[in-house]
Amino acid sequence: MPMRVPRHLREHHGEPGTDREMYLRYALRADPPVCECGCGQEAPWRNWREGFSRFVNGHNGRLGSMPKHEADRIKQARSSTLSEGISSGRVVPWSRGRSGDNDVRVARRNQRISAGHKVRVAEGTRSWALGLTKADPRIARAAASLRLSYQTGRAVPWSFGRTKETDDRVMRMSLRVSESKLLSSHVISASRMLPWEEVLSRASAAGLDVVSGPESYTGVAERTVAVQCRTCGVMRVTSLYQISCNPCPTCRPVSSPQEEISEYIRSLGEQCWSDRVAIAPKEIDVFVPRASFGVEHHGLYWHTERRSGKRSHAEKQSACQTKGIRLLQVFSDEWRDRKEVVMSMICARLGRPSRRVGARRCIIEAMGPRERRDFFTKCHLEGDAAASRAWCLRFEGKVVAAISVRRPKVRMRRNDLEIARFACDLHTSVPGGLSRLMSRVIDHARSLGIKQIMTYVDTRVGDGHGYAACGMQLTGRTSPRFWWTDMNRRYDRFKFRADRSQGLSEADVANKAGVEKIWGCQNLIYALEIS
């Protein structure tokens, strides 16, 4: 018997070595054979009777060694057979219903897969799908297949119906997510911290001396910076955000901006309060029920994109509009730096201006650049804007309303004429003022051969009813606008842009400057065709 040959060779001829070595030396008399699929690997040894296998395990159907059409046919047949077997229940995957928590084999497999991934990452080996998106047809097909599986119920997420209260795995996952988000928050906060010199500068401008070192500064909202008031000498530990909002509550006590707005409205004889019913579950900071009017005060720190999102302000504006409530949304730097303008806007919306001047009692005059700049800086919430021409209504020698125009910045509207600014004097109502000034704008547009006048209305502070009364039509809406903020003031969105010369993206430039995005509401686009 062949199986007795190795024993005979050992017992009677003293041959050393394994069965495989003796088989190569006496039976095969050659080197070990290779796999017949063409892969070049050595064929596996079986025993003295069978010798070497023809194929490496699994290579007897190796598709790479076949013509493409034959390989595709076999792939399709295998896939169909496997799918049919799984769907009919004839084939049951060995790991179905098992996880690393309840099956040792699955746990070992997960560990091997994880170790393999870590090795590939360390070695820089790329997975074929790494960095690819649905623009790649293979990724798109995989995503569509997975989506269909979930829609038909063939695939069910492992955590479906489970919560961290009922399942330990969900609990561990939620803890890992929380830790990851907390770490990310600290990293982002550290990357957006202002230089220590800027902290000292802002404290000094607020009349404070910083008595702690730079190691105490951990973020704009962290109460870790020790300061001493130069006026009263009181020391306290505060944050950079509080330094900007409320430098010293001891010698300069101030109420919160929301309470200041409420007190001002009450001084006008109106009842107001913070309301959670009118647009429940959202809140209106200051609500005047008689006039269906509300005021929202937005602190720059808590209302950035990272903390409040992109659409929260626009959604609140829409919710109020649906309920017939006129909402005025004010940022903290506007209430701090342009309080008189905000108060004037509140008076106008409550129908309580200090004086009324009919437009027919005024004379129209052209405004020079300096007079235009001074007027809009004093009376418009966003200050002055570059303009080519401006006109005003003058009553008893004083400007009571003004309008300015320019060519639009948007390239597709360069043939139009844009109304850049319109405002009335503080605490002053000028009935018919916009209509009378528009007549001069229309004459100017005709002299230039311009066929359309347009303007933008920020729905955060207005609804454009004045332009509609002048015959302008609502022609469109923009997406919500945004600014950049360092938590002390806002900057125009064009101030921090990508720097291609240094290879910096917009986000890189913003992080370097220590600013974040803060979002407002949509702009309405009004237009008037010139016949």
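Residues numbered from 1 in each chain as written. Predicted model: local features only at pLDDT ≥ 70, side-chain atom pairs only at ≥ 80, totals over all residues. Heavy atoms only, no water.

Engineer: Looking at this model, I keep getting lost on the overall build of the protein chain. Mind explaining?
Structural biologist: Looking only at helices and strands, one finds 17 helices and 21 strands in the protein chain. On C-alpha atoms alone, the protein chain measures out to a radius of gyration of 38 Å, which is more than a quarter above the 24 Å that the 2.2 N^0.38 rule sets for 531 residues. Expressed along its principal axes, the backbone C-alpha trace of the protein chain runs to roughly 130 × 70 × 50 Å. Here the protein chain, with 531 residues, has 37% of them falling under the buried criterion. Considering only contacts within the protein chain whose residues lie at least 6 apart along the sequence, 56% involve residues at least 24 apart. Computed over 90 positive and 57 negative side-chain charges, the separation of the two mean positions in the protein chain equals 4 Å. (Helix = DSSP H or I, 4+ residues; strand = E, 2+ residues; numbered from the N terminus. Rg over C-alpha atoms; globule rule 2.2 N^0.38 Å. Buried < 20%, exposed > 50% of the residue type's maximum accessible area, 1.4 Å probe, protein only. Contact = heavy atoms within 4.5 Å. Lys, Arg positive; Asp, Glu negative; His and termini not counted. Charge placed at Lys NZ, Arg CZ, Asp CG, Glu CD.)

Engineer: What should I look at first to understand the sheet that holds strand E7 (residues 284-288) in this one?
Structural biologist: Sheet strands associate in pairs through backbone hydrogen bonding, adopting either a parallel or an antiparallel arrangement. Read from one edge of the open sheet, four strands run E6-E7-E8-E9, paired in mixed fashion. Strand pairing shows two members of the sheet lacking a second neighbour, strand E6 (273-275) and strand E9 (326-331), which therefore form its edges. Across the sheet, the mean angle from the axis of one strand to that of its neighbour is 35°, orientation sign disregarded. In this structure, strand E8 (residues 293-298) lies alongside E9, joined through six bridges in parallel fashion. Each bridged residue has a counterpart across the sheet, and for Gly294 the counterpart in E9 is Leu327. (Pairing = 2+ DSSP bridges. Axes fitted to C-alpha atoms, helices over the stretch in contact; angles between N-to-C directions.)

Engineer: Looking at this structure, how should I read the pattern of salt bridges?
Structural biologist: Working definition: two side chains of opposite charge can pair if their charged atoms are close together. Across all of its chains, the model carries 36 salt bridges by this definition. What you see here is one network of salt bridges that share partners, running through Asp333, Glu334, Glu382, Asp458, Arg460, Arg481 and Arg490. (Salt bridge = Lys/Arg side-chain N within 4 Å of Asp/Glu carboxyl O.)

Engineer: Could you clarify how one ought to interpret helix H3 (residues 68-88) in this entry?
Structural biologist: For an α-helix the count is 3.6 residues per turn, leaving residues at separations of three or four pointing the same way. The end-to-end C-alpha separation of H3 is 30 Å, in line with the 30 Å expected for 21 residues at 1.5 Å each. When we look at burial in H3, the residues that qualify are Ala71, Ile74 and Gly85. The arc enclosing the buried residues of H3, seen along the axis, measures out at 70°, which places them on a common side. In H3, the exposed positions that point more than 90 degrees away from the buried face belong to Lys68, His69, Gln76 and Ser87. Two residues or fewer after H3 comes Gly89, characterised by a positive phi angle close to 90°. (Expected span 1.5 Å × (residues − 1). Arc of directions from axis to C-beta.)

Engineer: What's the story with the packing of helix H9 (residues 257-267) against helix H13 (residues 339-349) in this structure? I'm lost.
Structural biologist: A pair of packed helices can be characterised by two numbers: the angle between their axes and the separation between those axes. Contact geometry for H9 and H13: axes closest at 11 Å, N-to-C directions at 45°. Taken together, the axes of H9 and H13 lie oblique to each other. Between H9 and H13 lies a crossing of right-handed hand. Here Glu260, Ile261, Tyr264 and Ile265 of H9 come into contact with H13, specifically with Lys339, Met343, Ile346 and Cys347. Per-class residue counts for the contact of H9 with H13 are six nonpolar, no polar and two charged. (Parallel < 35°, antiparallel > 145°, perpendicular 65-115°, else oblique. Left-handed = near helix turned anticlockwise from the far one by under 90°. Nonpolar A, V, L, I, M, F, W, Y, C, P; charged D, E, K, R; others polar.)

Engineer: Before we go on, may I ask you to explain unusual backbone geometry in this structure?
Structural biologist: Most peptide bonds are trans, and most residues other than glycine sit at a negative phi. For the bond running from Ala280 to Pro281, omega is 5°, close enough to zero to count as cis. Here Pro281 is to be found in the loop between E6 and E7. Phi at Arg29 takes a positive value of approximately 50°, unusual for a residue other than glycine. Along the chain, the position of Arg29 falls in the loop between helix H2 (19-28) and strand E1 (45-47). For Arg29, a relative accessible area of 65% gives the class exposed. Positive phi, close to 50°, is recorded for Ser292, a residue that is not glycine. The topology assignment puts Ser292 in the loop between E7 and E8.

Engineer: What am I meant to see in the sheet that holds strand E4 (residues 225-229) here?
Structural biologist: Spatially, the three strands line up as an open sheet ordered E3-E4-E5, and their pairing is antiparallel. The open sheet is flanked by strand E3 (208-210) and strand E5 (235-238), the only strands paired with a single partner. For this sheet, the mean inter-axis angle between neighbouring strands, taken without regard to orientation, is 35°. By the bridge criterion, three bridges tie E3 to E4 in an arrangement that is antiparallel. When the bridges of E4 are listed, Val210 appears paired with Val227.

Engineer: For this particular structure, what's the right way to read the packing of aromatic side chains?
Structural biologist: Applying the stated rule across the entire model yields 12 aromatic pairs. A ring pair is formed by Phe331 and Trp483, whose centres lie 5.4 Å apart and whose planes are at 75°; its orientation type is edge-to-face. Of this pair, Phe331 sits in strand E9 while Trp483 sits in strand E18 (residues 482-485), and the two are 152 residues apart along the sequence. On the basis of relative accessible area, Phe331 is assigned to the buried category, the value being 0%. Pairing Phe375 with Phe376 gives two aromatic rings, centres 5.5 Å apart and planes at 75°, and the pair type is edge-to-face. (Phe/Tyr/Trp six-rings, centres within 6.5 Å; stacked < 30°, edge-to-face > 60°.)

Engineer: I keep staring at the environment of Ala359 and nothing clicks. Help me out?
Structural biologist: Positionally, Ala359 belongs in the loop between strand E10 (355-356) and strand E11 (363-366). Spatially, the C-alpha atoms of Ala359 and Arg394 are 9.1 Å apart, while their sequence positions differ by 35 residues. Beyond its immediate stretch of four places on either side in the chain, Ala359 contacts Leu393, Val430, Pro431, Gly432, Gly433 and Arg436.

Engineer: For this particular structure, what's the right way to read the side chain of Asp167?
Structural biologist: Topologically, Asp167 is positioned in the loop between helix H5 (137-152) and helix H6 (168-191). Overall, Asp167 belongs to the buried group, its relative accessible area being 11%. Those residues within four positions of Asp167 in sequence are excluded, and the remaining contacts are Trp158 and Arg162.

Engineer: Help me understand the confidence of the model for the protein chain, please; the structure alone is not making it clear to me.
Structural biologist: Taken over all residues, the pLDDT of the protein chain has a mean of 87, while the share at 70 or more is 94%. Within the protein chain, helix H8 (residues 240-245) has the poorest average pLDDT of any element, 74, and strand E13 (residues 398-406) the best, 97. (pLDDT = per-residue confidence, 0-100.)

Engineer: Sorry, what's going on with the nonpolar core here?
Structural biologist: A general tendency of soluble globular proteins is for nonpolar side chains to be buried together. In terms of nonpolar packing, the biggest core is built from 32 residues, with Ile265, Phe293, Val295, Ile346, Leu350 and Phe375 touching the most fellow members. Every element with two or more residues in this core is listed here: H9, E7, E8, E9, H13, helix H14 (369-379), strand E12 (389-395) and E13. Counting residues per element, this core draws most heavily on H13, which supplies six residues. Apart from residues lying up to four places away in sequence, Ile265 is in contact with Glu270, Cys272, Val286, Val288, Val295, Ile346 and Leu350. (Core = buried A, V, L, I, M, F, W, Y, C linked by side-chain atoms within 4.5 Å.)

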